[in-house]
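# Chain and residue survey
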Amino acid sequence: MIIVVVGPSGVGKSTFIKAMDLPSEDYVYGTCQPMIEELIRRGVTVTHDTIFALSEEWCSQDPYWQITRILAAKEGKRFLVVDGPRRLQEMVRLRTLSVRILVVKITSEPATRFQRLKERKRVSLTTLDEFQRLETDELSRMGLGAILNGPVDIVVRNSVSVSIRELETKGRRFGWLVKILPSCLPKFVWVFLLRVSVSDF
């Protein structure tokens, strides 16, 4: 099973995945990580603008380069969690390859996401203008909006009205089930049980 966690930047994807407490980092493929590493290698400041530019460069050479890496990362594992694909064609390709995937969408308010992004140390973002460009690049130019409005299996609400600990609690429950559910179970059983694990009780 490939568990794809989607949502715009700052929504809480990495927080949710970290709380899953997976056996090792090898069970997570971060879609931004290869580009961050390449920018650092080139001596370029890591910002959302430079990540987007590099993503455009690589996708012009091979629109499915991420898919190759995702499938390689999944090799030999019962499951793999993919953190943050943003391009519609990547999701379409995963489905057409008949790969068994489960899509988890995390939602949060834009104002909350902007504040979280300003507090991040890994990627520089400080102004509202940068945030608005990021929103346009992700949701429209890359096709994330179509992914979020398309078919998803599970929705996790990261509300501003509750502590981040609530998202972490949902992540722990979700991760515990992922680690024990047999691969042979039908997908609808996985979906039902995992939906319950992230419900707002």
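Whatever comes next refers back to the structure up there.
Just so you know, these numbers come straight off a predicted model, no measurement behind them. (Residues numbered from 1 in each chain as written. Predicted model: local features only at pLDDT ≥ 70, side-chain atom pairs only at ≥ 80, totals over all residues. Heavy atoms only, no water.)

Bringing the side chain of Ser 9 into the picture now. Topologically, Ser 9 is positioned in the loop between strand 1 (2-6) and helix 1 (13-19). Within the structure, the side chain of Ser 9 is placed 2.5 Å from the side chain of Glu 138, a separation counted as a polar contact. The residues contacting Ser 9, other than those within four sequence positions of it, are His 48, Arg 86, Arg 113, Leu 117, Leu 134 and Glu 138. (Helix = DSSP H or I, 4+ residues; strand = E, 2+ residues; numbered from the N terminus. Polar contact = N/O pair within 3.5 Å; in protein donor to acceptor, adjacent residues only side chain to side chain. Contact = heavy atoms within 4.5 Å.)

Below, the discussion takes up helix 5 (residues 88-96). Along helix 5, the positions that sit buried rather than exposed are Glu 90, Met 91 and Leu 94. One side of helix 5 holds all its buried residues, which, seen down the axis, span an arc of 95°. (Buried < 20%, exposed > 50% of the residue type's maximum accessible area, 1.4 Å probe, protein only. Arc of directions from axis to C-beta.)

Our focus in this paragraph is the sheet that holds strand 2 (residues 28-30). Strands sit in the order 2-3-1-4-5 across an open sheet of five strands; the sheet is parallel. Two strands bound the open sheet, and with one partner strand each, they are strand 2 and strand 5 (154-157). Going across the sheet, the axis of each strand differs from the next one's by a mean of 20°, ignoring polarity. Relative to strand 4 (residues 101-107), strand 1 runs parallel, the two sharing five bridges. The residue bridging Val 4 from the neighbouring strand is Val 103, located in strand 4. (Pairing = 2+ DSSP bridges. Axes fitted to C-alpha atoms, helices over the stretch in contact; angles between N-to-C directions.)

Let us now look at the pattern of salt bridges. Opposite charge on two side chains makes pairing possible when the charged atoms of those side chains draw close. Using the criterion set out here, one finds 10 salt bridges in the structure. Two residues, Glu 138 and Arg 86, come together in a salt bridge whose shortest N-O distance is 2.6 Å. Taken together, the residues span a long stretch of sequence, with Glu 138 in helix 7 (residues 128-141) and Arg 86 in the loop between strand 3 (80-83) and helix 5 at a distance of 52 residues. Of the two residues examined, Glu 138 and Arg 86, each falls in the buried class. Between Asp 137 and Arg 141 there is a salt bridge, with the nearest N and O atoms lying 3.2 Å from each other. (Salt bridge = Lys/Arg side-chain N within 4 Å of Asp/Glu carboxyl O.)

For the rest of this paragraph, the subject is the nonpolar core. Nonpolar side chains in soluble globular proteins tend to be buried together. Val 4, Tyr 29, Ile 51, Ile 70 and Val 82 are the most contacted members of the largest nonpolar core, which has 27 residues in total. When contributions to this core are tallied by element, the ones reaching two or more residues are strand 1, helix 2 (33-42), helix 3 (48-61), helix 4 (65-74), strand 3, helix 5, strand 4 and helix 8 (144-149). When sequence neighbours within four positions are dropped, the list of residues in contact with Ile 51 reads Met 35, Ile 36, Leu 39, Val 46 and Val 123. Counting residues in each nonpolar core, the second largest holds 24 residues, with Phe 16, Phe 79, Leu 181 and Val 198 among its members. (Core = buried A, V, L, I, M, F, W, Y, C linked by side-chain atoms within 4.5 Å.)

Turning our attention to the environment of Glu 119. Inspection of the secondary structure assignment puts Glu 119 in helix 6 (residues 110-119). For Glu 119, a relative accessible area of 56% gives the class exposed. Along the sequence, Glu 119 and Ile 3 sit 116 residues apart, while their C-alpha atoms lie 27 Å from each other. Engagement of the side chain of Glu 119 in a polar contact is seen with the side chain of Gln 115, the distance being 3.0 Å.

Of all seven residues in strand 4, six are buried, a share of seventy percent or more. In terms of strand pairing, strand 4 meets strand 5 through four bridges, oriented parallel. If you follow Lys 105 over to strand 5, its bridge partner there is Val 155.

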